[in-house]
Amino acid sequence: MKLKILIVLMVVILFGSGILHSEIKWRYIDSMQVKRNFCQALLINDSLILVMGGIDYENNTITSTCEIINVNTEKVEYAPSMREFRSEFKALLTKDSNVVVIGGLLNSGQAASSIE
């Protein structure tokens, strides 16, 4: 009985708050400089997204390049590159806004143990 009440309460809260009814509007933003696959993206603040590494689709190589997407200006610019060429890695944003990247796959095909 408690589970049913909890589920009903959650649905009422979600519907009542507009979370499930919010209107999503998609818009086109400038293209990235590098066509990437298996990259990571982090929301840095309300308007900036950092995109890192991955596989450069054009050259079929792992890349260390990074780009900043500014949602407000709808522009994409290069950011400083990582030290290692990485794909399929994890990235975290710390409370003091530092970016930490962990592991992944290197250009050599080996798994990375490095952290930067």
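So, here's what we can say about the structure. (Residues numbered from 1 in each chain as written. Predicted model: local features only at pLDDT ≥ 70, side-chain atom pairs only at ≥ 80, totals over all residues. Heavy atoms only, no water.)

Ranked by size, the top nonpolar core spans nine residues in total: Leu42, Leu50, Met52, Cys66, Ala79, Met82, Phe89, Ala91 and Val101. Setting aside its immediate chain neighbours within four residues, Ala91 contacts Gln40, Leu42, Met52, Val100 and Val101. (Core = buried A, V, L, I, M, F, W, Y, C linked by side-chain atoms within 4.5 Å. Buried < 20%, exposed > 50% of the residue type's maximum accessible area, 1.4 Å probe, protein only. Contact = heavy atoms within 4.5 Å.)

What follows concerns the sheet that holds strand 2 (residues 40-43). What the four strands build is an open sheet, ordered 2-3-6-7; its pairing is antiparallel. Of all the strands in the sheet, the pair left with one neighbour each is strand 2 and strand 7 (75-79). Going across the sheet, the axis of each strand differs from the next one's by a mean of 25°, ignoring polarity. For strand 6 (residues 66-70) and strand 7, the ladder comprises five bridges, and the chain directions are antiparallel. Note on strand 7: the bridge partner recorded for Glu67 is Tyr78. (Pairing = 2+ DSSP bridges. Helix = DSSP H or I, 4+ residues; strand = E, 2+ residues; numbered from the N terminus. Axes fitted to C-alpha atoms, helices over the stretch in contact; angles between N-to-C directions.)

Another aspect to go through is the pattern of salt bridges. The full count for this structure, using the stated rule, is four salt bridges. A salt bridge links Lys35 to Glu58; the nearest nitrogen and oxygen atoms lie 3.0 Å apart. A residue pair is termed long-range when its members are at least 10 positions apart, and Lys35 in the loop between helix 1 (2-17) and strand 1 (36-37) and Glu58 in the loop between strand 4 (55-56) and strand 5 (61-62) qualify at 23 residues. Note on accessibility: Lys35 and Glu58 belong to one class, exposed. (Salt bridge = Lys/Arg side-chain N within 4 Å of Asp/Glu carboxyl O.)

All right, on to a nonpolar patch on the surface then. Together, Leu92, Ile102 and Ile115 give the surface a local cluster of nonpolar side chains, amounting to about 280 Å² of exposed area. With respect to the helices and strands, the residue Ile102 is situated in strand 9 (residues 99-102). For Ile102, a relative accessible area of 34% corresponds to the partly exposed category. (Patch = residues over 30% accessible without salt bridge, like charges linked within 9 Å, V, L, I, M, F, W, Y side chains within 5 Å. Areas by Shrake-Rupley, 256 points an atom, 1.4 Å probe, with all protein chains shown as cover.)

It is worth spelling out the pairing of strand 3 (residues 48-52) at this point. The pairing of strand 2 with strand 3 spans four bridges and is classified as antiparallel. Directly across from Gln40, in strand 3, lies its bridge partner Met52. Note that strand 3 and strand 6 share five bridges and pair antiparallel. If you follow Val51 over to strand 6, its bridge partner there is Glu67.

A separate point is the sheet that holds strand 1. Across the sheet, three strands lie side by side as 1-4-5; this open sheet has antiparallel pairing. The sheet is open, and its two borders are formed by strand 1 and strand 5, each paired with just one other strand.

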